[in-house]
Amino acid sequence: MTDFVYIHLSLPKLQDDPNLQWVPSFRVLVARILPWSLHPYALIRYMCFATTGARGELSLSSQYPVNPVAYNSPTLSDDTPDLHVYYHVQEDQRPYTFPINPIRPIDGRDTPTPTEKFKNGVTERDGGTCIVNHLRSDLCEAAHLIDVNKGNKYIEKLTTLRSLNYPNPQIIRDVDDLRNGLFLFVLIPPFMGLSVAFLPIPNVYMTSDDINSRTPANSSLILHDLDPPEDLPQLHVLALPDGGRLRIAPHDWPPNLLFDVVFAEAMCRSWGLPGFVDQIIPAWSIETVETELETTSCDESAPSMVGT
């Protein structure tokens, strides 16, 4: 039985080298993710997309031509303790591929206070109670998905680039845009992007048919705790219910691409291998692909590069 999955990503080399390199990126406990999906390969493929921002195929080999895994398989097709999978980025996606950077800070530094417009707008949009566990407003806060410290320039570039893989680009130019916020119980935001992630359904590679729980509505957002404490305190279970469905607002709701980013951040913090998290990610920045952004037409009215 497979205990761990090692995920290798094909990433562009630095210093203007157009070639790709295989980077061992994540070590994932199989027992952790199997309850999340009926088709674990589809989930792993989504994880790779969330991290790189690029579409691709998942294979058991690093060699070309690519022989994709069976995405609808209910099991992982290996009996060895360690399974290695390789995410081959599509050739037309390579100029836009970059791992998440910078990762959400977790050093406890002060975060600028959100504007009143942001706080009031997110609170009103989400009904004044936590969208996870429905706790009352005085126990909650309006939390940013993309950390406010990253600034307006970063979120604009990030959403511009990530919109290339969505049919309806949603470019956000202000970190205090309502679409960059959720109304959450105060104990949830400190874990967001650290061990807590939100799985949007449907996403680029998954539908409700891939989910191992009650059938979602047309769209769902599912909370997952990637690295919970071994002895879970009751408060942790109540605050961060793994597999819990979030209440979705009818307007000004965050686009999936922001949930992709938070999922990738949590993966890096919880499952990232040292060489990937400590060396590759700090060396990359969104400016790496700035030239491509300047030569690519991608605004709210432009068609996407690849549809869903």
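What this report covers is the structure whose coordinates are included nearby.

## Details of the overall build of the chain
Helices and strands together make up the secondary structure of the chain, namely eight helices and eight strands. In the chain, buried positions account for 54% of the 308 residues. Across the chain, the fraction of contacts at a sequence separation of at least 24, relative to all contacts at a separation of at least 6, is 78%. Total accessible area on the chain stands at roughly 13600 Å², and carbon and sulfur atoms take up 50% of it.

## Some thoughts on the pattern of salt bridges
For the structure shown, the criterion picks out eight salt bridges. For E116, the salt bridge goes to K119, with nearest N and O atoms at 2.9 Å. Taken together, the residues span about one helical turn, with E116 and K119 both in helix α3 (residues 116–125) at a distance of three residues. The class for E116 is partly exposed, based on a relative accessible area of 49%. The class of K119 is partly exposed, set by a relative accessible area of 26%.

## A few points about the packing of helix α4 (residues 151–162) against helix α6 (residues 256–271)
Helices that pack against each other are described as a pair by the angle of their axes relative to one another and the distance between those axes. Running from N to C, α4 and α6 cross one another at 105 degrees; their axes reach a closest spacing of 10 Å. With respect to each other, α4 and α6 are oriented roughly perpendicular. On α6, the residues that touch L158, T159 and R162 of α4 are L257, L258, D260 and V261. Of the residues contributing to the contact of α4 with α6, the split by class is four nonpolar, one polar and two charged.

## Focus on the packing of aromatic side chains
Counting across every chain of the model gives eight aromatic pairs. Considering the side-chain rings of F49 and Y166, the 6.4 Å spacing of their centres and the 65 degrees angle between planes classify their relative orientation as edge-to-face. Within this pair, whereas F49 is found in helix α2 (residues 40–52), its partner Y166 is found in the loop between α4 and β6 (181–185), the two being separated by 117 residues in sequence. The burial state of F49 is the same as that of Y166; both residues are buried. Measuring from ring centre to ring centre gives 6.1 Å for F49 and Y205, while their planes differ by 80 degrees; the resulting arrangement is edge-to-face. A residue pair is termed long-range when its members are at least 10 positions apart, and F49 in helix α2 and Y205 in the loop between β7 (196–201) and β8 (220–225) qualify at 156 residues. Accessibility classification places F49 together with Y205 in one group, the buried group.

## A few points about the sheet that holds strand β3 (residues 56–59)
Read across the open sheet, the four strands follow the order β2-β1-β4-β3; overall the sheet is mixed. In the strand order of this sheet, the two ends are held by β2 (20–29) and β3, each with one partner. Geometrically, the sheet is characterised by an average inter-axis angle of 25 degrees between neighbouring strands, direction not taken into account. Looking at chain direction, β3 and strand β4 (residues 82–89) are connected through four bridges and run antiparallel. Paired with L58 across the strands is Y87, a residue of β4.

Reading guide: rules and limits
- Residues numbered from 1 in each chain as written.
- Predicted model: local features only at pLDDT ≥ 70, side-chain atom pairs only at ≥ 80, totals over all residues.
- Heavy atoms only, no water.
- Helix = DSSP H or I, 4+ residues; strand = E, 2+ residues; numbered from the N terminus.
- Buried < 20%, exposed > 50% of the residue type's maximum accessible area, 1.4 Å probe, protein only.
- Contact = heavy atoms within 4.5 Å.
- Areas by Shrake-Rupley, 256 points an atom, 1.4 Å probe, with all protein chains shown as cover.
- Salt bridge = Lys/Arg side-chain N within 4 Å of Asp/Glu carboxyl O.
- Axes fitted to C-alpha atoms, helices over the stretch in contact; angles between N-to-C directions.
- Parallel < 35°, antiparallel > 145°, perpendicular 65-115°, else oblique.
- Nonpolar A, V, L, I, M, F, W, Y, C, P; charged D, E, K, R; others polar.
- Phe/Tyr/Trp six-rings, centres within 6.5 Å; stacked < 30°, edge-to-face > 60°.
- Pairing = 2+ DSSP bridges.

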